[in-house]
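Observations on the model geometry
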Amino acid sequence: DDVISLLKSIMYHKNYHELNKKHFECGTGLATSIANVVAMLEEISDQKSKIFLSDVNKRPFDINYAVANISLASTVLGWQPKADLRQVLEDRWNDN
């Protein structure tokens, strides 16, 4: 998995003691909205979600999407994610 791969890259790096003070983010590096995640899970599970997403009650501080900044992991460690979000969701869904 990508999380384990990133952790190993940090732990086994020659400058580990300097790296453990840095903030590494793990993810695909691509923006993903909650609506997209819900849609993917509906497709994967072949079930309709009971989650209702609307902009009507959106608060000013609510975010539209999340994205991990993987640039530090990429430049310092040469790390890149191997799985995309959909594949990870499918793998976790099928674990049950």
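Keep in mind that what you see is a predicted model, and the values were worked out from it rather than measured.

Once that is clear, we can look at helix α3 (residues 34-45). Helix length check: α3, at 12 residues, gives a terminal C-alpha distance of 16 Å against a target of 16 Å (1.5 Å per residue), a fit within 8%. Of all the positions in α3, only Val 38, Met 40, Glu 42, Ile 44 and Ser 45 are classed as buried. Looking at the buried residues of α3, the elements they touch are α5 (85-94). Looking one or two residues beyond α3, the residue adopting positive phi is Asp 46, at roughly 55°.

All right, on to the environment of Ile 63 then. Position of Ile 63 among the secondary structure elements: in the loop between α3 and α4 (71-77). Residues Ile 63 and Ile 34 lie 29 residues apart in sequence; the distance between their C-alpha atoms is 9.4 Å.

Summed over the entire model, instances satisfying the criterion amount to 6 salt bridges. The residue Glu 43 makes a salt bridge to Arg 86 at a minimum N-O spacing of 2.8 Å. Separated by 43 residues along the polypeptide, Glu 43 in helix α3 and Arg 86 in helix α5 bring together distant segments of the chain. Relative accessible area serves as the criterion here: at 54%, Glu 43 is assigned to the exposed category. Two residues, Arg 86 and Glu 90, come together in a salt bridge whose shortest N-O distance is 3.0 Å. Of this pair, Arg 86 and Glu 90 both sit in helix α5, 4 residues apart, which is roughly one turn of that helix. Under the relative-accessibility criterion, Arg 86 is labelled partly exposed at 27%. Of the residues examined, Glu 90 reaches a relative accessible area of 24% and is grouped as partly exposed. Among the charged side chains, a network of salt bridges with common partners joins Asp 1, Arg 92 and Asp 95.

Calculation criteria
- Residues numbered from 1 in each chain as written.
- Predicted model: local features only at pLDDT ≥ 70, side-chain atom pairs only at ≥ 80, totals over all residues.
- Heavy atoms only, no water.
- Helix = DSSP H or I, 4+ residues; strand = E, 2+ residues; numbered from the N terminus.
- Expected span 1.5 Å × (residues − 1).
- Buried < 20%, exposed > 50% of the residue type's maximum accessible area, 1.4 Å probe, protein only.
- Contact = heavy atoms within 4.5 Å.
- Salt bridge = Lys/Arg side-chain N within 4 Å of Asp/Glu carboxyl O.

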